[in-house]
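Geometric and topological summary
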Amino acid sequence: MDGSWCTRLAPYDGAGFHVVLEGSCWLLPDGGPAVSLAAGDVVLLAHGTGHVLADSPADAATLRRAVPFEAWSAGTWPRRPPSPPLSPPLSPPLSPPRRAELLCGKYRLDRSRVHPLMAELPPVVHLPNRVGSNPELRSAIDLLGRELGEQQPGSCIAVPGLVDLLLVYMIRSWMAGAATGVWPAVLGDPVAAAALRALHTDPAAPWTIERLATAAGVSRATLARRFTALVGRSPMAYLTWWRLTFAATLLRDTTDPLAVVARRVGYGTPYALSHAFHREFGTTPGRYRDRAAEGL
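Read on for an overview of the structure. (Residues numbered from 1 in each chain as written. Predicted model: local features only at pLDDT ≥ 70, side-chain atom pairs only at ≥ 80, totals over all residues. Heavy atoms only, no water.)

1. Side note on the sheet that holds strand S8 (residues 101–108)
Taken together, the 4 strands give an open sheet; going across it, the order is S8-S2-S5-S9, and neighbouring strands pair in antiparallel fashion. Unpaired on one side and paired on the other, S8 and strand S9 (125–127) mark the two borders of the sheet. Recorded for the sheet is a direction-independent mean angle of 15° between the axes of neighbouring strands. In this structure, strand S2 (residues 14–22) lies alongside strand S5 (residues 42–45), joined through 4 bridges in antiparallel fashion. Note on S5: the bridge partner recorded for Phe17 is Leu44. (Pairing = 2+ DSSP bridges. Helix = DSSP H or I, 4+ residues; strand = E, 2+ residues; numbered from the N terminus. Axes fitted to C-alpha atoms, helices over the stretch in contact; angles between N-to-C directions.)

2. Notes on the pattern of salt bridges
Here the structure, examined in full by the defined rule, presents 7 salt bridges. Through salt bridges with shared partners, one network takes in Asp2, Glu22 and Arg99. (Salt bridge = Lys/Arg side-chain N within 4 Å of Asp/Glu carboxyl O.)

3. A short note on the state of the cysteines
What the rule picks out here adds up to 0 disulfides. No disulfide involves Cys6; its sulfur sits 11 Å from that of Cys25, the nearest cysteine. Left unpaired, Cys104 is separated from the closest cysteine sulfur, that of Cys25, by 8.2 Å. When its relative accessible area of 40% is taken as the criterion, Cys104 is described as partly exposed. (Disulfide = S-S within 2.5 Å. Buried < 20%, exposed > 50% of the residue type's maximum accessible area, 1.4 Å probe, protein only.)

4. Thoughts on the packing of helix H7 (residues 190–201) against helix H10 (residues 235–253)
Contact geometry of H7 with H10 gives a least axis separation of 11 Å together with a crossing angle of 35°. For the element pair H7 and H10, the recorded crossing hand is right-handed. Where H7 abuts H10, its residues Leu196, Leu199 and His200 lie against Pro235, Tyr238, Leu239 and Trp242. Looking at the contact of H7 with H10, its residues break down into 6 nonpolar, 1 polar and no charged. (Left-handed = near helix turned anticlockwise from the far one by under 90°. Contact = heavy atoms within 4.5 Å. Nonpolar A, V, L, I, M, F, W, Y, C, P; charged D, E, K, R; others polar.)

Laid out in structure tokens, this is it:
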């Protein structure tokens with residue numbers, strides 16, 4: 001973008017990000033304070049908050065007239081709604097027009113089963129560009145920018161993977177700097193983190209509290225006490241929640257028969273999965289899959 005510009009991005013079910021590759025701009029989230037973004041800054045809108053991007057801070061009247069992003073990006077609207085000048089300019093501007101280059105994207109997320117870590121993220125996560133900070137995030141940005149700019153063979157495979165990595169690194173960077181919060185503490189605890197890693201790696205395994213404690217390298221009592229205190233539910237209760245969340249994902253995104261889904265998430269029979277699924281979701285797996293296919 002060059003010169004004066006102002007565009008609105010509507011709220012959405014998902015998460016979005018902006019990376020300032022060149023220049024500077026302002027992000028003005030709905031209901032939140034304005035954020036000044038400089039070259040190299042990254043911002044994650046973890047809950048799809050509606051917002052305005054502009055070349056400079058905007059008053060309330062300008063914000064109301066901000067051009068919808070879809071129309072603005074298609075070139076069917078002027079870059080910024082014109083405002084009448086207060087007085088004729090005394091002389092031509094002495095500085096060249098400002099230029100900004102942004103890398104923007106968004107993630108589609110299932111808000112009906114959001115993970116507590118994602119729910120805990122603030123509406124706007126601003127990760128300023130500081131020397132030596134967040135090296136993995138910087139590397140992912142550089143690689144993604146290069147793939148998008150050069151369109152090399154295999155970019156159609158590389159870009160989605162790098163966009164997914166970008167989300168991982170943005171969340172890691174937030175956790176590294178978070179002074180408070182449940183999940184930074186959970187994942188910073190070696191016992192709870194080891195147990196979560198085991199459950200997420202192989203949810204279909206025949207987990208018991210004894211087996212999980214062995215994987216975490218502690219006694220059953222220590223695991224139960226620390227995990228429950230940090231996560232807010234017992235290890236086995238978390239496993240049930242995660243298995244059913246994973247089952248919902250498989251029902252929505254695959255055509256696997258219910259028996260296959262049941263085996264993949266650790267239930268011995270389709271009936272056992274159906275019973276647990278109905279208790280958690282209030283509907284049967286078949287009806288859930290049908291509603292997901294209809295976009296409901």
